[in-house]
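# Summary of structural features
Here's the letter readout for the chains.
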Amino acid sequence: MIDPLTLEVFWSRLIATVNEQATSLMRTAFSPTVAEAGDLSACVFDPRGYMIAQAVTGTPGHINSMARCIRHFLDACPPETLVPGDVLVTNDPWKTSGHFHDITVVTPIFRASRSSTESSGPRASISPLQGVGDTLQPGEMGWGEAPDLVAFFGTICHVADIGGRPFSTDARELYEEGLFIPITHLFRAGVPNEELLRIVRANVREPDSVVGDLYAMATSNDVGGARLLEFLDEFDLPSIIPLADEVIARSEQAMRDAIQRVPDGTYRHSLTMDGYAEPGRPGEPDREVPITLACTITVTGDTLHVDFDGTSPVAPRGINVVMNYTEAYSTYGIKCALAPDVPNNEGSFRPVTITAPVGSILNCQPPAPVAGRHIVGQWLPAVVHGALAQAIPDQVIADGSSSLWITQFSGSDDRQSLATGGDGVGGRRFSMVFFNSGGMGARPTKDGLSSTAFPSGVRGVPAEIVEARAPLLIMERSLRTGSGGAGTHRGGLGHRLVIRADGITGDLRFSPFFDRTRVAAPGRDGGHAGGLGDYFLREIVPSDPPLPPLRPHPKATTYVPQGMEIVMDLPGGGGIGDPRGRDPERVVADLRDGYITQPE
Amino acid sequence: MDHRYTGGMRQPDPFDTPGQPVAKRRPIRGASKKKWGDGMAGVGKTHGLEAHWRAGIDIGGTFTDILLLDERTGASWFGKTLTTPDDPARGVASAIAQVLQDANASTTDLHTVIHGTTLVTNALIERKGDRTALVTTRGFRDAVEIAREHRYDMYDLNLDLPRPLAPRHLRFEVDERMRADGSVHTPLDMGSVEAVASHLREAGFGGNTGAVAVCLLHGYANPDHERAVGDRLRTSLPGVRIALSHEVAGEIREYERTTTTLANVYVQRLMEGYLDRIRDALSASGSPARLLLMLSAGGTATVDTARRFPIRLVESGPAAGALAAAAHGRETGRTNLLSFDMGGTTAKACLITGGVPPVTTEFEVDRVYRFKAGSGLPVRVPSIDLIEIGAGGGSIARVDRFGLIKVGPESAGADPGPACYGRGGTHPTVTDADLILGYLDPAFFLGGTMRLDVKDAREAIRMHVAEPLGLTIEDASWAVHSVVNEAMAAASRMHAVERGKDTSAVPLFAFGGAGPVHAAGVARILGSREIVVPYGAGVGSTIGFLVAPVSFDFVRSYYTRLDACDWHTVAGLLATMETEGRNLLTDAWVNPGDVKFAHRAELRLVGQAHQVTVDLPREALDALNPGHVDGARAREAIQDSFDYTYRALYRRSAPPVAIEAVNWRVVASGPVPVVALPTPVAPVPMGETLQSGVIGVDQSPRSQWGRGPAGVVRPVAWPDGSGHGAKPGNHGRRGGWVWIDTPVVKRANLRTGVPAILGPVIIEERESTTVVPPGWSVSVETSGALVIESGEALASGRDGTSGWVGRDARGPASGEATSPRNVTS
């Protein structure tokens, strides 16, 4: 038992350590999704592999799946085989966060054995910064005979490219989706694994960026490790295990207390999403393959179990979810509703168990394609919230747009202008990915947030940045009047985004990852559903007679014809409560500001 | 002026006390002292021959601080008066008059008044500005509301996002479109501008009401359309304040540029009125003094500039504090130090390296969740880069659901204030804990003008912290004190790390009311071995006003790879910014020959999103002379600078990837006033002089207790392991700390040359209390600052002289001493 003061001090220090780790990664990363959108995570594990702290950043799909990934690293590379300067890497979707684009880097942190330096006064910290990336040999770093393994630091980041098809849901099997890096060494005793780096460089479209990010991740783990060693030295702690036990025990207890407050029972809920619809043959309508996500939540005392029996089987395209990712978004949804202030760590996971049928879309097996797994995975908080709403309605928000509307563009940038990064000749290949979010569902006591990512934790990218980096013009980014589901508390609005090519002589290749174009976000307790999403291509200058809009599949790669622009109408969130119960002043304000056109 | 106190004439010879044995006198590490005004050539000379006084005035929420300096003699006078919130200008005038009278000077002797204010920040937080509209590119009126589509807290689904300063019904669109490279995609349709103007007229804009921000897409790259819109609106809507985004914050990223432009124009009318009243008050008093305003970036500007760009004043008070720390550091040879300013509501930290505070353009105002990054409106103006956290004397302590003690960011403020103020506050605060632990004297708060009630403090701590945790009131107070230290240290360290710096072994420069109370605890966690508490710690910020040069920052976005850059464009941008800077500064009475420029580029590797700010080297500037541009040479020199800076920041060479530039910056500055710091001059009354032998370095540790100068001792809580001080009769041992009867001395009685005093000792002055723990020593250096050094800097051989808190923090629950090594037991 550590007293509250000491624990507060130690715990804050651990959290500061992982925040430093994450900050270092954001500042040195190349992938725009990491640096601009914040698609990364960072955490520390004790030597047994228990996650004890995570950075206050990142996105739930990473963090919770990282908590699970460490055991796979330990299986593949047992601690006794690791030496100072080792850095491990993988992008195995099943062992980490569900698709090849997310690379996980884990660094074991050592310090000199107590016995070897006991006589020489306070132990000098062994800064891992002296090791990785330099050509120092272990002996030169001043390690004694058998350094102690004190912790692991891990980071995940979404790299710019991983080979295979450009980022999309198009693949029919995993092998099309790019390079698979099984758990292996990125550095061995401080020496880079050149074979691996050569393979990576040979396979990806942006080798400098991807290899740069691998280095940035290793560096950020070093930064975290160096800070942890200082902390252990300062307080003369031989190990973080006692601290880890305390942190885990308190978090576990707090989570159990929160579950205890939920009435015992079994709560069922299911949602239907657009899923993947096969495009019809010319002249035929699309062949719909809607997806059902079903869950049963069983609360027994201080434990909570979620089972996804009744969920649809794997889909033929890359929207399938690995179990790690299913666990990640399910536990995230539960924690938001039950215990938002309980820190995320091994302890907060223990009272919650998740199962899904093997072969279902939530527990897919290789070689199922998985690149767009977020589309389905990010619905899981809504699914568990729907079940929990039966037990604790005051703690659960209504459904919103759920998954990010990711847009991936590529082609040839033929702009001549030097100011936009052109080389004066034109023909530069470009690849641009950015995230867009519809409205969140209403909250039990407040309106939903308009155009705000949930459950994802990433950011949008400014239009001016998009246009400076890619030959695109964003012509409109406006809230969709009336798209927030009416209610005592209104759902958040979605927005319209209009994008066209500008400075491309060839084709503009566009991969959308869109859902909620067929099933709107439902309202709750008399609240209305949010506005449906829509996506189409239209003529920039209408011809005579005007051509009807084209409606490509919302999850399939398309080539945007010359003279047409992309219109995306992002979905709105559902409302809560009867709209007639809404404060009249708020209705007047909504009318004045054009969030609605007429009161419901 | 109830709360006035004065310093007085500075001793002509800082090396006083001849003949006194000086056990530990810090050598003066700086250059020889200079008088005020040495660096002010071109300022003082142009303005009356007789005028030789400068004044710095800082208007805070509670107090207005003033510092008056006689440039001829170097004498300095402090004043402190209650702020007059109904009309701050009145308070300024009366403060000046009073302090001039104290100094026996007349208003005609005053040639410059430098002023900082929280008016802008308060107007934004309280939403007291003008009715404000936005005019933007067709399709983008909601970009300012859609913002970054981001929740700043991952788990709290009830969070609120900041409201845009212009509501949706006052956001208008015009037909026009620029591309990222500044070329015109759609020409501006003046008809659509006229339509907006008539909408605004209908909405009541005109005359004495209304403000409009014009922020068009890529306006930073080509401002033609913004200018045309602005011109038309000015003609159509006389009296309405208009701000153009490329002038206020000419940087890429439409959301941030828009929020900055809106914030600027939102407070413009308010600021104009305020500045006019101050100027009127000054001239009414018969003073010929000119008024300069302190900017967030650490420079000063004329009233005209402040009227146009009030948003540049947003953090002027805290900026001045950091500037004062930097000036003190330069003066005393400490070019690297951590400025630590802890007041009633917040603590501010700023890591100063090379004698200069860092400047950032990332700043947020009106955070919905106070201090939570991302919850405010971004403001892209240059500001001194400091971290502010909700940890001050008034911060409220509570126990969270994990049974952990948390402090702040909620504050009891000035009203009702901490429980011990006896004004109805029932929540325990840091000040309450400090009082219970003996750091503060209930009878000598604010120099005795206010009494603190220990009973109320104890009751608040008992009810909200001690009882819920099963602790004694003293243990709970100890925990609150320690937790807030830990929070401030963590924030300071994070602040440094984000900038690639390290706080350890950097001296702490402590000021603000609570700064010197908590500095030692923070220093221990950060690994600092030296704490400097300046003379006049309570008005530390005003010193910063007097050392700030007239200065202004310019920025232009030109986004390009260095290997594909049109260097003539770069040369042109830099030259334009220099011209604007020279004009602005000569308007502020700076001789054209004294204007200096710093040139910077924000660079990154292609593919990275975060820029590194690089000073353009002389080589590059030579190669960018508009007359004969040598692109290859410029590029090479800039690349070298980038590589060097990148290595310094990230400890690793940049990968071999092309470099791109995002923004180009020019800072135009006048001469930096070279100043001697104010020092205490009041002669020490006989009989109260501290003599070595009463409290002195040569005394054996045990002999000093209970023999303070006037026999003033009180029990004070110190970390356990302070060992040598504990003696029978003390309150005895509690978990992690001990009571030690500790001498209390008045700061006015400490003087340069007196041998270093060993801690523990409490040093009291009117606005603050300095805490010197066991194992640390304190002396007064010639600048008048208290210098507190850790035991490691002292003679060794005494137990417990270092690491005086954390290593022995142990649990009251464990009953007896356990070391952290056994924490699992």
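Criteria and cut-off values
- Residues numbered from 1 in each chain as written.
- Chains lettered and ligands numbered in written order.
- Predicted model: local features only at pLDDT ≥ 70, side-chain atom pairs only at ≥ 80, totals over all residues.
- Helix = DSSP H or I, 4+ residues; strand = E, 2+ residues; numbered from the N terminus.
- Buried ≥ 20, exposed ≤ 12 C-beta atoms within 10 Å, placed from the backbone.
- Contact = placed C-beta atoms within 7 Å.
- Pairing = 2+ DSSP bridges.
- Axes fitted to C-alpha atoms, helices over the stretch in contact; angles between N-to-C directions.
- Parallel < 35°, antiparallel > 145°, perpendicular 65-115°, else oblique.
- Left-handed = near helix turned anticlockwise from the far one by under 90°.
- Nonpolar A, V, L, I, M, F, W, Y, C, P; charged D, E, K, R; others polar.
- Domains from an automatic or database assignment.
- Expected span 1.5 Å × (residues − 1).
- pLDDT = per-residue confidence, 0-100.

## Considerations on the overall build of chain B
Scanning chain B for helices and strands turns up 18 helices and 35 strands. Looking at chain B residue by residue over its 825 residues, the buried ones come to 59%. Partitioning the intrachain contacts of chain B with sequence separation of at least 6 by distance along the chain shows that 69% fall at a separation of at least 24.

## A closer look at the overall build of chain A
Counting its secondary structure elements, chain A contains 13 helices and 19 strands. Split into buried and exposed, the 600 residues of chain A put 62% on the buried side.

## Here's the deal with the pairing of strand S14 (residues 347–352) of chain B
The side chains of a regular strand alternate between both faces of the sheet. All names here are of chain B. Counting buried residues along S14, six of its six residues qualify, which places the element largely inside the surrounding structure. Of the two faces of S14, both are covered, the one formed by Ala-347, Ala-349 and Leu-351 as well as the one formed by Lys-348, Cys-350 and Ile-352. Where strand S13 (residues 337–342) folds back onto S14 in an antiparallel hairpin, the turn is made up of four residues.

## Comments concerning the sheet that holds strand S14 (residues 472–479) of chain A
Residues and elements named next belong to chain A. Here four strands make up an open sheet; going across it, the order is S14-S15-S19-S17 and the pairing antiparallel. A single partner strand is all that each edge strand has here, and the edge strands are S14 and strand S17 (534–539). The mean inter-strand angle of the sheet, taken between neighbouring strand axes irrespective of direction, is 15°.

## Focus: unusual backbone geometry
Along the chain, A:Pro366 connects to A:Pro367 via a cis peptide bond; the corresponding omega equals 0°. Relative to the helices and strands, A:Pro367 resides in the loop between strand S11 (352–355) and helix H10 (374–377). Cis peptide bonds are those with omega within 30 degrees of zero, and the linkage from B:Gly759 to B:Pro760 qualifies with 5°. Locating B:Pro760 in the fold gives a position in the loop between strand S31 (757–758) and strand S32 (761–764). In this model, A:Asp525 sits at a positive phi of 50°, which is unusual for a non-glycine residue. Note that A:Asp525 resides in the loop between strand S16 (508–513) and S17.

## Some points on the sheet that holds strand S6 (residues 184–188) of chain A
The strands that make up a sheet are held in pairs by hydrogen bonds between backbone atoms, and each pair lies either parallel or antiparallel. All names here are of chain A. Across the sheet, which stays open at both edges, the seven strands sit in the order S2-S1-S5-S4-S3-S6-S7 with antiparallel pairing between neighbours. Of all the strands in the sheet, just strand S2 (51–54) and strand S7 (191–192) have a single pairing partner and so form its edges. Judged from the three bridges that link them, strand S1 (residues 40–45) and S2 form a sheet pairing that is antiparallel. The residue of S2 that forms the bridge with Phe-45 is Met-51. In the packing of helix H6 (residues 207–234) onto the sheet, the strands contacted are S1, strand S3 (87–90), strand S4 (102–111), strand S5 (148–158) and S6, and the crossing angle to S4 comes to about 30°.

## Here we look at the packing of helix H8 (residues 323–338) of chain A against helix H11 (residues 380–388) of chain A
Residues and elements named next belong to chain A. Direction vectors running N to C along H8 and H11 enclose 45°, while the axes themselves pass 8 Å from each other. Relative to H11, H8 is oriented oblique. Remark: the crossing between H8 and H11 carries right-handed chirality. Side by side, H8 and H11 meet where Thr-326, Tyr-329, Ser-330, Tyr-332, Gly-333, Ile-334, Cys-336 and Ala-337 of the first sit next to Leu-380, Pro-381, Val-384, His-385 and Leu-388 of the second. Tallied by class, residues from the contact of H8 with H11 come to nine nonpolar, four polar and no charged.

## With respect to the pairing of S32(B)
All names here are of chain B. Here S32 shows no split at all, with Val-761 and Ile-763 on one side and Ile-762 and Glu-764 on the other all buried. The sheet contact formed by S32 and strand S33 (residues 769–772) spans four bridges and is antiparallel. Considered in S33, the bridge of Ile-762 is made with Val-771. Once S32 ends, the chain turns through four residues before running back antiparallel as S33.

## So, the domain arrangement of chain A
Residues and elements named next belong to chain A. For chain A, the assigned domains are domain 1 (4–239), domain 2 (258–395) and domain 3 (397–600). Every element with two or more residues in the side of domain 1 that touches domain 2 is listed here: S2 and helix H3 (60–76). Ranked by residue count, the leading element in the side of domain 1 that touches domain 2 is H3, at eight residues. Taken together, the residues of the side of domain 1 that touches domain 2 break down into 14 nonpolar, 10 polar and six charged.

## Observations concerning the environment of A:Leu550
Residues and elements named next belong to chain A. Mapped onto the elements, Leu-550 comes out in the loop between S17 and strand S18 (558–560). Residues Leu-550 and Thr-266, 284 residues apart in the sequence, show an inter-C-alpha distance of 45 Å. Those residues in contact with Leu-550 that lie beyond four places of it in its chain are Phe-536 and Leu-537.

## Here we look at helix H10 (residues 316–332) of chain B
Residue and element names in this part refer to chain B. With 17 residues, H10 extends 24 Å between its outermost C-alpha atoms, agreeing within 8% with the 24 Å of an ideal straight helix rising 1.5 Å per residue. Where burial is concerned, most of H10 is hidden: 17 out of the 17 residues are buried. Note on H10: the residue one or two positions beyond its end, Gly-333, has a positive phi of about 80°.

## Remarks on the packing of helix H5 (residues 194–203) of chain A against H6(A)
Residues and elements named next belong to chain A. Relative to each other, H5 and H6 sit at 145°, their axes nearing to 8 Å. Where H5 crosses over H6, the two elements pack in a sense that is right-handed. Residue-level contacts link Leu-197, Val-200 and Arg-201 of H5 to Pro-207, Val-210 and Val-211 of H6. For the contact of H5 with H6, the class distribution of residues is five nonpolar, no polar and one charged.

## Re the environment of B:Ala460
Residues and elements named next belong to chain B. For Ala-460, the location among the structural elements is in helix H12 (residues 454–469). What makes Ala-460 buried here is the crowd of 26 C-beta atoms within 10 Å. Between the alpha carbons of Ala-460 and Gly-425 there is a distance of 8.6 Å; along the sequence they are 35 residues apart. Setting aside residues up to four positions removed in sequence, Ala-460 forms contacts with Ala-419, Thr-426, His-427, Pro-428 and Asp-432.

## What to know about the confidence of the model for chain A
Residue and element names in this part refer to chain A. Averaged over every residue, the pLDDT of chain A is 88; the share at 70 or more is 89%. Ignoring residues within four places in sequence, the model shows residues 115–144, a span with pLDDT below 50, making 56 contacts including any to other chains. Counting interchain partners and residues more than four positions distant, the pLDDT-below-50 stretch residues 418–424 has 30 contacts.

## Looking at the confidence of the model for chain B
Residues and elements named next belong to chain B. Confidence in the prediction of chain B, expressed as mean pLDDT, is 78, and 79% of residues score 70 or more. Between residues 1–49, whose pLDDT stays under 50, and residues either more than four places distant or in other chains, the model counts 104 contacts. Every residue in residues 793–825 is under pLDDT 50, and counting partners more than four places away or in other chains gives 76 contacts. For this predicted complex, the interface confidence reaches an ipTM of 0.89, while the overall pTM sits at 0.82.

## Some remarks on the environment of B:Trp478
All names here are of chain B. Of note, Trp-478 is situated in helix H13 (residues 473–497). Assessed through the 27 C-beta atoms surrounding it within 10 Å, Trp-478 is described here as buried. C-alpha separation for the pair Trp-478 and Trp-737, spaced 259 residues apart in sequence, amounts to 7.9 Å. The contacts of Trp-478, once residues within four sequence positions are left out, are Leu-437, Ala-717, Gly-736 and Trp-737.

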